[in-house]
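Understanding the architecture of this molecule
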Amino acid sequence: MADSVVLDPVDLHMLRLLQNDARVTYRDLAAQVGVAPSTCLDRVARLRRSGVILGHQLRLDPAKLGRGLQALLSVQVRPHRRELVGPFVERIRALPESRSVFHLTGPEDYLVHVAVRDTADLQRLVLDEFTARREVARVETRLIFQQWECGPLLPPPADAVGESC
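Scoring rules and cut-offs
- Residues numbered from 1 in each chain as written.
- Predicted model: local features only at pLDDT ≥ 70, side-chain atom pairs only at ≥ 80, totals over all residues.
- Heavy atoms only, no water.
- Phe/Tyr/Trp six-rings, centres within 6.5 Å; stacked < 30°, edge-to-face > 60°.
- Helix = DSSP H or I, 4+ residues; strand = E, 2+ residues; numbered from the N terminus.
- Buried < 20%, exposed > 50% of the residue type's maximum accessible area, 1.4 Å probe, protein only.
- Pairing = 2+ DSSP bridges.
- Axes fitted to C-alpha atoms, helices over the stretch in contact; angles between N-to-C directions.
- 1 Å grid on protein atoms, 1.4 Å probe; cavity = no way out; pocket = protein on both sides within 12 Å on 5 of 7 lines; lining within 4 Å.
- Points joined across faces, edges and corners; volume = space filled by probe spheres on them.
- Nonpolar A, V, L, I, M, F, W, Y, C, P; charged D, E, K, R; others polar.
- Salt bridge = Lys/Arg side-chain N within 4 Å of Asp/Glu carboxyl O.
- Expected span 1.5 Å × (residues − 1).
- Contact = heavy atoms within 4.5 Å.
- Polar contact = N/O pair within 3.5 Å; in protein donor to acceptor, adjacent residues only side chain to side chain.

1. Examining the packing of aromatic side chains
Counted by the stated rule, this structure contains two aromatic pairs. Relative to Tyr110, the ring of Phe88 has its centre 5.4 Å away and its plane inclined at 55°; by these criteria the two rings are tilted. With Phe88 in helix α4 (residues 82-94) and Tyr110 in strand β3 (residues 110-116), this pair connects stretches of sequence that are 22 residues apart. We note that Phe88, like Tyr110, is buried. Plain terms: the ring middles of Phe88 and Phe130 are 6.5 Å apart, the flat faces sit at 75° to each other, and that makes the pair edge-to-face. On the criterion of sequence distance, the pair formed by Phe88 in helix α4 and Phe130 in helix α5 (residues 119-130) is long-range, its members being 42 residues apart. Overall, Phe88 belongs to the buried group, its relative accessible area being 0%. The class of Phe130 is buried, set by a relative accessible area of 0%.

2. Considering the sheet that holds strand β2 (residues 98-103)
Spatially, β2-β3-β1-β4 is the arrangement adopted by the four strands of the open sheet, whose pairing is antiparallel. A single partner strand is all that each edge strand has here, and the edge strands are β2 and β4 (136-144). Pairwise comparison of adjacent strand axes, ignoring direction, gives a mean angle of 20° for this sheet. Alignment of β2 against β3, held across five bridges, turns out to be antiparallel. Across the sheet, Ser98 pairs through a bridge with Val114, a residue of β3.

3. Section: the layout of surface pockets
Put simply, the largest pocket is a space of about 2100 Å³. If you trace the largest pocket, you find 42 residues lining it, with Gln19, Gly55, Gln57, Arg59 and Glu149 closest to the centre. When contributions to the lining of the largest pocket are tallied by element, the ones reaching two or more residues are α1 (9-20), β2 and β3. The dominant element in the lining of the largest pocket, judged by the number of residues it contributes, is α1, at four residues. Residues that form the lining of the largest pocket fall into these classes: 23 nonpolar, 11 polar and eight charged.

4. A few points about the pattern of salt bridges
Enumeration over the complete set of coordinates arrives at 14 salt bridges. Two residues, Arg117 and Asp121, come together in a salt bridge whose shortest N-O distance is 3.5 Å. The exposure class assigned to Asp121 is buried, which follows from its relative accessible area of 4%. One salt bridge connects Arg133 with Glu135, and the closest N-O pair in it is separated by 2.7 Å. Overall, Glu135 belongs to the buried group, its relative accessible area being 9%. Connected via shared salt-bridge partners are Asp8, Asp11, Arg43 and Arg46.

5. Description of α1
Across its 12 residues, α1 extends 17 Å between first and last C-alpha, which sits within 8% of the 16 Å expected from 1.5 Å per residue. All of the buried residues along α1 are Asp11, Leu12, Met14, Leu15, Leu17 and Leu18. Next to the buried residues of α1 lie α2 (26-33) and α3 (37-49). The backbone nitrogen of Val10 lies 3.0 Å from a side-chain oxygen of the residue at the head of α1, namely Asp8.

The structure is reproduced here in structure tokens:
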């Protein structure tokens, strides 16, 4: 597990604002947080260097790009050995339909989020790119009816550290 980074209230406020609008200028960000623009720039640079800020992404609507059907594919790989799963993951990540890939515990080894044109395209993807692979033992498909984005990802409050559910 990666080491966590200590963040003060100003850092947390900046991260909340940046997650909601990564295109905000440093001047506007500094004004909203209550620090000088140079301080804001230094803090954002420190957050990037420490790996808290990983980058900026442009989000696209898959349906507007002709990929209106999304699904989650549960994939079981056998045998589950590094020399097989490494190339498998790289191949799946390279597919234009793949949105994200998760390595899991439990009966399924991977969960792959895909966006395709329609059910025929999904069938082609599953048969040609997944089950046709020798190491893939099983694929289970679940269609996504609707998806919601969640709030900003911020560390738990300091008083929650050490608490159990």
